[in-house]
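# A structural walkthrough
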Amino acid sequence: MAALLGVLPILFGRLPVVWAGTSGGKLWLTTPAVALQQPLRIRLAEGCGFDSQEGVILTREGDTLRLFATLASGPDKTGECQQRGYLIVRDDRFASGTTAVNHLLRWVVEDEGESSGEPPPASVFQFRQTSDTTVTLYEGELPVLAYNFGPITNQKVPEKDPRRTRACYVHPVWGVDGEVLTDDFPRDHYHHHGIFWTWPHVVIGQEEFSLWEDRGALRQRFVRWLCQETHPGVAVLGVENAWDLNGQTMLTERVWFTVYARGKDDRVIDVDLFLQPRVPITLWGAEGKSYGGLTMRFRPPSEKEAWITVPDGLTKDDLYETRLPWADFTSHFGETDQLSGATIMVAPTHPDYPPTWLTRHYGPLCVGWPGVHSRTLEPPETVHLPYRLWIHRGSRTAEEIAPIYKAYTAGFECQLAEKPVVQKVSQ
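The text that follows walks through the structure, step by step, so that each part is easy to find. (Residues numbered from 1 in each chain as written. Predicted model: local features only at pLDDT ≥ 70, side-chain atom pairs only at ≥ 80, totals over all residues. Heavy atoms only, no water.)

Per the counting criterion, the structure on display carries 14 aromatic pairs. Ring centres of F94 and W107 lie 6.3 Å apart, and the angle between their planes is 75°; this geometry places the pair in the edge-to-face category. Of this pair, F94 sits in the loop between β5 (81-89) and β6 (104-111) while W107 sits in strand β6, placing them 13 residues apart in sequence. A residue is classified by how much of its surface remains accessible, and F94, at 5% relative accessible area, is buried. Since its relative accessible area comes to 0%, W107 is described here as buried. (Phe/Tyr/Trp six-rings, centres within 6.5 Å; stacked < 30°, edge-to-face > 60°. Helix = DSSP H or I, 4+ residues; strand = E, 2+ residues; numbered from the N terminus. Buried < 20%, exposed > 50% of the residue type's maximum accessible area, 1.4 Å probe, protein only.)

Structure follows, in structure tokens:
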């Protein structure tokens with residue numbers, strides 16, 4: 001068997017080679033040291049499994065330092081559920097960044113044994129169906145996010161407005177202190193809904209629709225749950241929706257949320273969107289602005305009390321068609337003077353990385369893909385759009401956010417193989 005059979009980066013950095021396991025039951029995980037400053041989600045190759053029902057142990061090469069990794073489900077390369085197909089690694093000992101960031105760490109990965117000891121304590125997650133249309137994730141007694149799978153009607157929207165009812169989006173999203181960060185059906189834009197993913201231009205055959213403003217008969221419709229899974233320190237929600245046109249599925253949409261336990265001042269959520277067309281579908285964003293794709297609508301008290309930060313620093317003006325790897329929105333969301341906010345981070349494996357954005361101080365951060373230039377999705381291709389949401393307490397400068405993003409992207413250089421990797425694999 002080849003020495004590096006089954007080399008894997010996390011989050012679909014490359015397509016995996018199928019690995020059927022080794023006789024010794026061991027693997028090697030090689031990580032840039034900086035990557036451990038953020039949660040790691042490492043996908044196992046198909047056919048690679050562990051006997052443990054809960055987790056595995058990582059022992060660092062050359063000493064006795066051990067990490068506990070949780071086994072959890074997540075998306076395969078098409079967005080279908082890969083049961084127990086991920087290692088989730090997080091250890092607060094690395095959060096401070098005291099470990100040298102430019103060298104590799106090598107870990108022996110083994111099934112949890114009798115002598116492995118107990119994993120570190122972690123918060124308990126729970127999914128609750130809080131209405132006929134909504135499932136809410138809690139960490140302990142604090143809500144984290146709510147997924148609205150069923151149609152929700154806002155009575156304040158005029159009856160004849162097609163934007164009066166919407167399904168398949170996330171709202172509310174709560175901050176680390178329980179404050180609501182997102183808005184839903186705001187008066188200035190009824191079609192904005194917490195975290196949502198829609199396009200203003202969708203062409204099927206000779207007909208054009210707008211999922212953004214619900215013009216035409218095309219709608220997002222809930223189909224089934226792919227996963228509702230909780231473990232110590234992590235929760236996974238997977239859902240399949242259809243782009244429905246008069247009862248026919250034009251595109252299968254799979255969305256995954258991997259939610260990590262709250263840190264001292266932050267929370268991390270990975271968001272993976274998969275688009276799998278049944279017929280050729282052409283998409284593009286708003287002319288001159290590029291919005292169309294993943295969007296998060298915040299609810300600041302006013303534009304004057306909203307701060308948007310990008311890699312170049314704090315922005316005074318809104319940005320249009322601007323290529324960015326990340327953007328942050330900070331404001332007052334609770335009833336106190338405490339600031340909080342969230343950064344949307346784009347994975348380096350994202351199509352057309354970095355994509356164009358629209359940022360607006362009145363509330364929305366919009367990742368525009370494919371932007372103002374159209375892209376035709378042809379079956380049987382699957383497009384994967386991966387992101388990370390970093391929710392934080394207080395305001396953060398570009399200099400403070402940059403190392404968080406660096407740790408996130410370094411995770412894509414992690415390698416899982418039968419033998420330790422000697423050098424980094426350039427992306």
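Still more to cover.
As a further point, take empty space enclosed by the protein. Counted by the stated rule, this structure contains four cavities of 30 Å³ or more. Looking at the largest cavity, the residues that line it are I195, V271, L294, T295, M296, I344, Y387, R388 and L389. For the lining of the largest cavity, the class distribution of residues is seven nonpolar, one polar and one charged. (1 Å grid on protein atoms, 1.4 Å probe; cavity = no way out; pocket = protein on both sides within 12 Å on 5 of 7 lines; lining within 4 Å. Points joined across faces, edges and corners; volume = space filled by probe spheres on them. Nonpolar A, V, L, I, M, F, W, Y, C, P; charged D, E, K, R; others polar.)

Attention now moves to helix α1 (residues 398-410). Over its 13 residues, α1 runs 18 Å from end to end, which matches the ideal 18 Å to within 8%, given 1.5 Å per residue. Of all the positions in α1, only A398, I401, I404, Y405, A407, Y408, T409 and A410 are classed as buried. (Expected span 1.5 Å × (residues − 1).)

A separate point is the sheet that holds strand β15 (residues 207-209). If you walk across this open sheet you meet the four strands as β15-β14-β20-β29, and the pairing is antiparallel. On the outer flanks of this sheet lie β15 and β29 (375-377), each paired with one strand and no other. Averaged over neighbouring strand pairs, the angle between their axes works out to 25° when direction is ignored. (Pairing = 2+ DSSP bridges. Axes fitted to C-alpha atoms, helices over the stretch in contact; angles between N-to-C directions.)

Cis geometry is found at the peptide bond from H171 to P172, where omega equals 0°. The linkage connecting P379 with the following residue, P380, adopts the cis geometry, with an omega of 10°. Summarising the element assignment, P380 is placed in the loop between β29 and β30 (383-393). Even without a glycine there, the phi angle at N246 is positive, about 55°. Positionally, N246 belongs in the loop between β17 (234-245) and β18 (248-260). You will see that E321, though not glycine, has its phi angle at about 45°, which is positive. Its location among the elements puts E321 in strand β24 (residues 319-323).

Formed by 63 residues in total, the largest nonpolar core has its most connected members in Y147, W197, L218, W243 and L275. Counting residues in hydrophobic clusters, the runner-up holds 27 residues, among them I42, L44, L65 and A410. (Core = buried A, V, L, I, M, F, W, Y, C linked by side-chain atoms within 4.5 Å.)

Applying the stated criterion across every chain yields a total of 21 salt bridges. Note that R106 is salt-bridged to E61, the shortest N-O span being 3.9 Å. You can see R106 sitting in strand β6 and its partner E61 sitting in the loop between β3 (55-60) and β4 (66-75), a full 45 residues away along the chain. Judged by relative accessible area, E61 falls into the partly exposed class, the value being 42%. (Salt bridge = Lys/Arg side-chain N within 4 Å of Asp/Glu carboxyl O.)

As a further point, take the environment of L145. Within the secondary structure, L145 sits in strand β9 (residues 142-148). Overall, L145 belongs to the buried group, its relative accessible area being 4%. In the structure, L145 is positioned 35 residues away from V180 in sequence and 9.4 Å away in space, judged by C-alpha atoms. With residues near it in sequence (within four places) discarded, L145 still touches V135, T136, L137, V170, P172, W174, V259 and I269. (Contact = heavy atoms within 4.5 Å.)

This next bit is on the pairing of strand β19 (residues 266-277). Of all the twelve residues making up β19, twelve are buried; the element is thus mostly covered by neighbouring parts of the structure. Bridge analysis of β18 against β19 gives nine bridges, and the strand direction is antiparallel. Counterpart to W256 in the pairing with β19 is D272.

Turning to the side chain of R41, a few remarks are in order. As for its position among the elements, R41 is in strand β2 (residues 40-43). Side chain to side chain, R41 and T258 meet in a polar contact 3.2 Å long. Here D272 takes part through its side chain, which lies 2.6 Å from a polar atom of the side chain of R41. (Polar contact = N/O pair within 3.5 Å; in protein donor to acceptor, adjacent residues only side chain to side chain.)

As far as function goes, none of this settles anything; it's purely spatial.
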